[in-house]
Amino acid sequence: MQVVEKAYGYITREHEGRLQVLVFEQNTEGSGIQIPKGTIEQGETPLEAITREMFEETGLTDLVVHNLIAQDYFEHYTGVLHKRYFYHLTTHELRDSWDHSPTGLNESGLLFTFYWINNSQEVLLAKGHGDYLYRVLSKVQSG
């Protein structure tokens, strides 16, 4: 079975005394609400990939990678097995929302609309995207 490695980023910020998590919607039907993520390229470590992918997907330049919070295997709806790495990152981004055209391979013509959520119940994330969100929210809020 083919295995594709993916790096997922839970990007958080403190805003008006509340922790917020960055999510986005894209201009293609059926994509759902997502967190930034991307494919780990040949010869790249998951840490290198998360740094590159988060910039390509969000356009943010002030991200700080804190830690790897989870790693698992996930069967994508296409039947491809994904080895997923979930990282926690922080930013001091002031904008409440923005549009960004991602710069990664095969992302031409896509437009991502980013915004912040305050808790995991606020939106329904695409399948698999919210699997470890509780770890970020509990870790940041408690320490």
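As a reminder, the structure under discussion sits directly above these lines.
A quick note: this is a predicted structure, and the numbers were derived from the prediction, not measured.

Let's shift gears to the layout of surface pockets. Of the pockets and cavities examined, the largest pocket occupies roughly 850 Å³. Forming the boundary of the largest pocket are 32 residues, of which Lys6, Gln34, Lys37, His76 and His82 lie nearest the centre. The set of elements that each furnish at least two residues to the lining of the largest pocket consists of β1 (3-15), β2 (18-26), β3 (37-39), α1 (46-58) and β4 (64-75). Per-element accounting of the lining of the largest pocket gives the leading share, 4 residues, to α1. Taken together, the residues of the lining of the largest pocket sort by class into 10 nonpolar, 12 polar and 10 charged.

Alternating residues of strand β6 (residues 97-100) divide into Trp98 and His100, all buried, and Ser97 and Asp99, none buried. Looking at chain direction, β6 and strand β7 (residues 112-117) are connected through 4 bridges and run antiparallel. What sits directly across from serine 97, in β7, is tyrosine 115.

This paragraph deals with the pattern of salt bridges. One pass over the full model with this rule turns up 8 salt bridges. For arginine 52, the salt bridge is made with glutamate 44, and the minimal N-O distance between the two is 2.7 Å. Here arginine 52 falls in the buried class, since its relative accessible area comes to 17%. Under the relative-accessibility criterion, glutamate 44 is labelled buried at 17%. With its nearest N and O atoms 2.7 Å apart, the salt bridge here joins arginine 84 to aspartate 72. Of this pair, arginine 84 sits in strand β5 (residues 81-90) while aspartate 72 is found in strand β4, placing the two residues 12 residues apart along the sequence. When sorted by exposure, arginine 84 lands in the same class as aspartate 72, which is buried.

The side chains of a regular strand alternate, residue by residue, between the two faces of the sheet. Of the pairings in the sheet, the one linking β1 to β5 comprises 10 bridges and is parallel in character. If you follow alanine 7 over to β5, its bridge partner there is tyrosine 85. Pairing between β1 and β3: 3 bridges, direction antiparallel. When the sheet's bridge partners are listed, alanine 7 is paired in β3 with glycine 38. Inspection of the sheet shows β1 paired to β2 by 4 bridges, in the antiparallel sense. For histidine 15, the partnering residue across the bridge sits in β2 and is arginine 18. In this antiparallel pair of consecutive strands, β1 and β2, the connection spans 2 residues, and glutamate 16 shows a positive phi of 50°.

Calculation notes
Residues numbered from 1 in each chain as written. Predicted model: local features only at pLDDT ≥ 70, side-chain atom pairs only at ≥ 80, totals over all residues. Heavy atoms only, no water. 1 Å grid on protein atoms, 1.4 Å probe; cavity = no way out; pocket = protein on both sides within 12 Å on 5 of 7 lines; lining within 4 Å. Points joined across faces, edges and corners; volume = space filled by probe spheres on them. Helix = DSSP H or I, 4+ residues; strand = E, 2+ residues; numbered from the N terminus. Nonpolar A, V, L, I, M, F, W, Y, C, P; charged D, E, K, R; others polar. Buried < 20%, exposed > 50% of the residue type's maximum accessible area, 1.4 Å probe, protein only. Pairing = 2+ DSSP bridges. Salt bridge = Lys/Arg side-chain N within 4 Å of Asp/Glu carboxyl O.

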